[in-house]
Amino acid sequence: MYLPPFPLLGGFLAWVTIYFLGFKRQKWAELILGGIAFILAMIVQNPIQQLPLLGAGVRSNADVIARGTVFTVGVALWVGFVAGFVQEGVKYLLVKDKGTKTALFVGLGFGVTEVLFVAVTPIIAVAAAGGKIDVPVIQALLSMVERYFAVLFHIGTTVYLAYATKNGFGVKGFSTMALLHGFVDTLAAYDRFLTLKSEELAMKFTIGLEVVFAVIAIALIAYTLPFARIGEPEEEEKVIW
C-alpha cells in the first residue's frame, strides 16, 4: 500500500479534532510561526544528533545495530533527548511571552509541518533511488495513528509551555516537556533500529509504542486545552506578528 497519504490523513484528522473541540477560528499567522519553528528545530537538531555519530564512524542505522544492544540504546537515548530538548526549546522561546490560545496554534503549525516533512521526505528519497513506497496495510495505518497523536502531542506541549511561563514556572515546565518528549522520541528511535533486527518484534514494539504515545497525547490534550479556552477572550484581538 502506498504510504504517504496515511500520515497526511493523520495530521488532517488531528487538525479536524482541534476544530471540533472548539477552536474553529483559525489563527494563520500562528500556524505559520509553528511551521517556521519546526524548520528551525530541524536545522539545530540534525547536526547535534548526527555529528557525534559521524565522528564515531556511524553512517547508517545498520552501523548502530552492528555495535550491539548497549550502543543501540545509547544512540536511541541521544537521538531522542536531543530531539526533545531542541524541539521544546524552540517552541518555548517562541511562545514564552504569548497566550495559551496562540500557543495552541503554534503547536498545531509545528505538528502539521512535521507531518508534511514525514510524508514528503520518503517520497524524495525513494524517487531518487527509483523505488516505490509500498508498505503493509497495518504499517500504513500505524503511520496515520502516529501522526494523529504526534500533532496532538505538539499542541499539548506548546500550550503547556505558554501556561507554565504565564504562571511563573516556565523553566520547570520546559524541562518537564523536554523530558517527556525525549522519552517518547527515544522509544521511537529504538523502534526504527529494532526494525533492522526483527520485523516481527519491531511490529509488536511499534503497536505498544503507539498505545503509550496515544495515552500520553490524550492526557496532555485533556489537561492543556482548558488553559487555551480560558485564555481565548483576552487574546482574541492580539496579532502575533
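See above for the structure.
Residues numbered from 1 in each chain as written. Predicted model: local features only at pLDDT ≥ 70, side-chain atom pairs only at ≥ 80, totals over all residues. Heavy atoms only, no water.

Trainee: Tell me about the nonpolar core, and please be specific about residues and values.
Mentor: Ranked by internal contacts, the top residues of the largest apolar core, which has 39 residues, are Leu 104, Leu 152 and Ile 155. If near-sequence neighbours (up to four positions away) are discounted, Leu 152 is found in contact with Ala 14, Ile 18, Ala 217 and Ile 221. (Core = buried A, V, L, I, M, F, W, Y, C linked by side-chain atoms within 4.5 Å. Buried < 20%, exposed > 50% of the residue type's maximum accessible area, 1.4 Å probe, protein only. Contact = heavy atoms within 4.5 Å.)

Trainee: Talk me through helix H1 (residues 5-20); I want residue IDs and the actual numbers.
Mentor: Owing to its 3.6 residues per turn, the α-helix brings residues three or four apart onto one side. If you check H1, its first and last C-alpha atoms are 22 Å apart, about what 16 residues at 1.5 Å a residue would give, namely 22 Å. Considered for burial, the residues of H1 that qualify are Phe 6, Pro 7, Gly 10, Gly 11, Ala 14 and Ile 18. Looking down the long axis of H1, one finds its buried residues gathered within 145° of arc, a one-sided arrangement. For H1, the exposed residues lying more than 90 degrees away from the buried face are Phe 12 and Phe 20. Once H1 ends, the next one or two residues include Gly 22, with phi positive near 120°. (Helix = DSSP H or I, 4+ residues; strand = E, 2+ residues; numbered from the N terminus. Expected span 1.5 Å × (residues − 1). Arc of directions from axis to C-beta.)

Trainee: Describe the packing of helix H6 (residues 137-166) against helix H7 (residues 170-197), naming the residues involved and giving the relevant values.
Mentor: Between H6 and H7, the least distance of the axes is 7 Å, while the angle of their chain directions is 165°. The orientation of H6 with respect to H7, classified from their angle, is roughly antiparallel. In this structure, the crossing between H6 and H7 has a hand that is right-handed. Judged by residue contacts, Phe 153, His 154, Thr 157, Tyr 160, Leu 161, Ala 164 and Thr 165 of H6 engage Gly 170, Gly 173, Phe 174, Met 177, Leu 180, His 181 and Val 184 from H7. (Axes fitted to C-alpha atoms, helices over the stretch in contact; angles between N-to-C directions. Parallel < 35°, antiparallel > 145°, perpendicular 65-115°, else oblique. Left-handed = near helix turned anticlockwise from the far one by under 90°.)

Trainee: Which residues make up the packing of aromatic side chains, and what values go with them?
Mentor: Two aromatic rings, taken as a pair, are described by how far apart their centres are and by the angle between their planes. This structure, assessed with the given rule, holds 14 aromatic pairs. Each ring, one from Phe 85 and one from Phe 174, has its centre 5.9 Å from the other, and the planes form 85°; the classification is edge-to-face. With Phe 85 in helix H4 (residues 69-95) and Phe 174 in helix H7, this residue pair connects regions lying 89 residues apart in the sequence. Consider the rings of Tyr 223 and Phe 227, whose centres lie 5.1 Å apart with planes at 80°: the pair is edge-to-face. In this pair, Tyr 223 and Phe 227 are both assigned in helix H8 (residues 199-230), four residues apart and thus about one turn of the helix distant. You can call Phe 227 buried: its relative accessible area is 13%. Above the plane of the ring of Phe 110 lies Lys 91, whose end atom (NZ or CZ) is 4.8 Å from the centre. (Phe/Tyr/Trp six-rings, centres within 6.5 Å; stacked < 30°, edge-to-face > 60°. Lys NZ or Arg CZ within 6 Å of the ring centre and 35° of its normal.)

Trainee: Provide a residue-level description of the environment of Pro 4, including the pertinent values.
Mentor: By secondary structure assignment, the location of Pro 4 is in the segment before H1. A relative accessible area of 6% means that Pro 4 is categorised as buried. C-alpha of Pro 4 to C-alpha of Val 120: the two residues are 116 residues apart in sequence and 7.2 Å apart in space.

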